[in-house]
Amino acid sequence: MNILITGGAGYIGSCATLKIIKNYKSHCIILDKQETINLTKLIQSYNKNLTFYKVDLTNYHQLKEIFQDISNKFKIDVIIHFAAYTIVSESEANPYKYFHNNINSTLNLLELMIHYEIPHIIFSSSASVYGKANYIPINESHPLNPLSAYALSKKISEDLIIKYSQKGINYINLRYFNPAGSIDNLGEEHNPETHLIPLLVKSLIEGKTFRIFGNDFPTKDGTCIRDFIHIQDLVVSHLISLEHLLTGKVINETFNVGINKGYSVLEVVQKSLEIFKNKINPHFKYIFDKRREGDVPILLADSQKIQEMMNFKPNYDLEDILYSVWNYEMEKISL
Ligand code: UFG
């Protein structure tokens, strides 16, 4: 099987590539505009199973040339489209960057899928398309109310994919809740890092002050609640989607991917203090700061649909995520 993976140098894309190569011995063709540390590690370990093209997916002509080159060498069975900018606050400050990149990348891919007769796509969407929840947990029928340019770019990409399904493309859209954790030697390497868990674990190790954004939300302890899904489980949801899509068992569906369990930001901090107690740098402390713009109080998945239709069951919980990130960060220090 030949799988084209956009954004395969990024956090989720590289972890998925690793798991796909390990499980299926497939050939993965990564398209990405960046060469990251995760990509370097993948190439070091799995050179024979990987082909990498450095390309900006918004450049249709360059992308077409690459598709032509790929089609001379491989028959692509499916595309997994991870490539996107993902920082909500940045998308509000610079909506053009997000609309231009995230929407045009998807559009160009879809057009080339028709041209090169690639029938299947799995798309990384986001729970942010729901906006502020009307009810909890959020199922797929919840109204969509994207509040940021990032969320809107994901919603529009979903719409484009649905439109192109009328031309014969089969899709599965996966709406991720809050992915975190690491797999083997691959982990979150965003620049700048904005996510709770990597920032918290780094602060614990380095003895820095961690800021909790807002303690006046309408939740049990006033801090935001999120549904954290281990990257191991998230990646498995892609493998399951691949199997269902390629066999035609499930096509043209959208699924939430979370674990149906919410932790508040304060609970995440407290859990970390509990499990790492003796190892924490004594200079670590946490403070409450003002709310971060755009944060919704609660994002909690109802993932019954993916469990029922594709038998997806998450295996990991918050503690596993925290341990994996701790180990990942410690290993970097020891190198
Ligand atoms: N937080 C802090 N301090 C920090 C970092 C984060 O208190 O230093 C809080 C945030 O305010 C928020 C929670 O931790 O309440 C989670 O924040 P993240 O940035 O880790 O994750 P988000 O929920 O904002 O965003 C994630 C993805 C987005 C996606 C969104 C919804 O990163 O891409 O989930 O799916 F849009």
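1. Side note on unusual backbone geometry
- Along the chain, Ile-136 connects to Pro-137 via a cis peptide bond; the corresponding omega equals -10°.
- By the secondary structure assignment, Pro-137 is in the loop between β5 (120–126) and α6 (149–165).
- Backbone torsion omega between Asn-191 and Pro-192 reads 5°, so that peptide bond is classified as cis.
- Turning to its location among the elements, Pro-192 is positioned in the loop between β7 (178–180) and α7 (196–206).
- Residues other than glycine seldom take positive phi values, yet Asn-260 does so here, at roughly 60°.
- Relative to the helices and strands, Asn-260 resides in the loop between β11 (253–257) and β12 (263–264).
- For Asn-260, a count of 16 C-beta atoms within 10 Å corresponds to the partly exposed category.

2. Observations concerning the site of the ligand
- Neighbouring the ligand are 21 residues; Ser-128, His-195, Leu-196, Phe-213 and Cys-224 lie closest to it.
- For the shell around the ligand, the elements supplying multiple residues, two or more each, are α7 and β8 (209–213).
- The element contributing the most residues to the shell around the ligand is β8, with three residues.
- Split into classes, the residues belonging to the shell around the ligand amount to 11 nonpolar, six polar and four charged.

3. Details of the domain arrangement of the protein
- Once the domains are mapped, the protein shows domain 1 (2–181 + 228–258) and domain 2 (196–225 + 261–304 + 314–334).
- Distance from the C-alpha centre of domain 1 to the C-alpha centre of domain 2: 26 Å.
- Mapped onto the side of domain 1 that touches domain 2, the elements with two or more residues apiece are α4 (88–93), β7, β10 (228–230), α8 (231–246) and β11.
- By residue class, the composition of the side of domain 1 that touches domain 2 is 12 nonpolar, 10 polar and three charged.

4. Some remarks on the pairing of strand β4 (residues 78–81)
- Of the two faces of β4, both are covered, the one formed by Val-78 and Ile-80 as well as the one formed by Ile-79 and His-81.
- The pairing of strand β1 (residues 2–6) with β4 spans four bridges and is parallel. Of the residues in β4, the one forming a bridge with Ile-5 is Ile-80.
- Alignment of β4 against β5, held across four bridges, turns out to be parallel. Paired with Ile-80 across the bridge in β5 is Ile-122.

What counts and how
Residues numbered from 1 in each chain as written. Predicted model: local features only at pLDDT ≥ 70, side-chain atom pairs only at ≥ 80, totals over all residues. Helix = DSSP H or I, 4+ residues; strand = E, 2+ residues; numbered from the N terminus. Buried ≥ 20, exposed ≤ 12 C-beta atoms within 10 Å, placed from the backbone. Near = placed C-beta within 6 Å. Nonpolar A, V, L, I, M, F, W, Y, C, P; charged D, E, K, R; others polar. Domains from an automatic or database assignment. Pairing = 2+ DSSP bridges.

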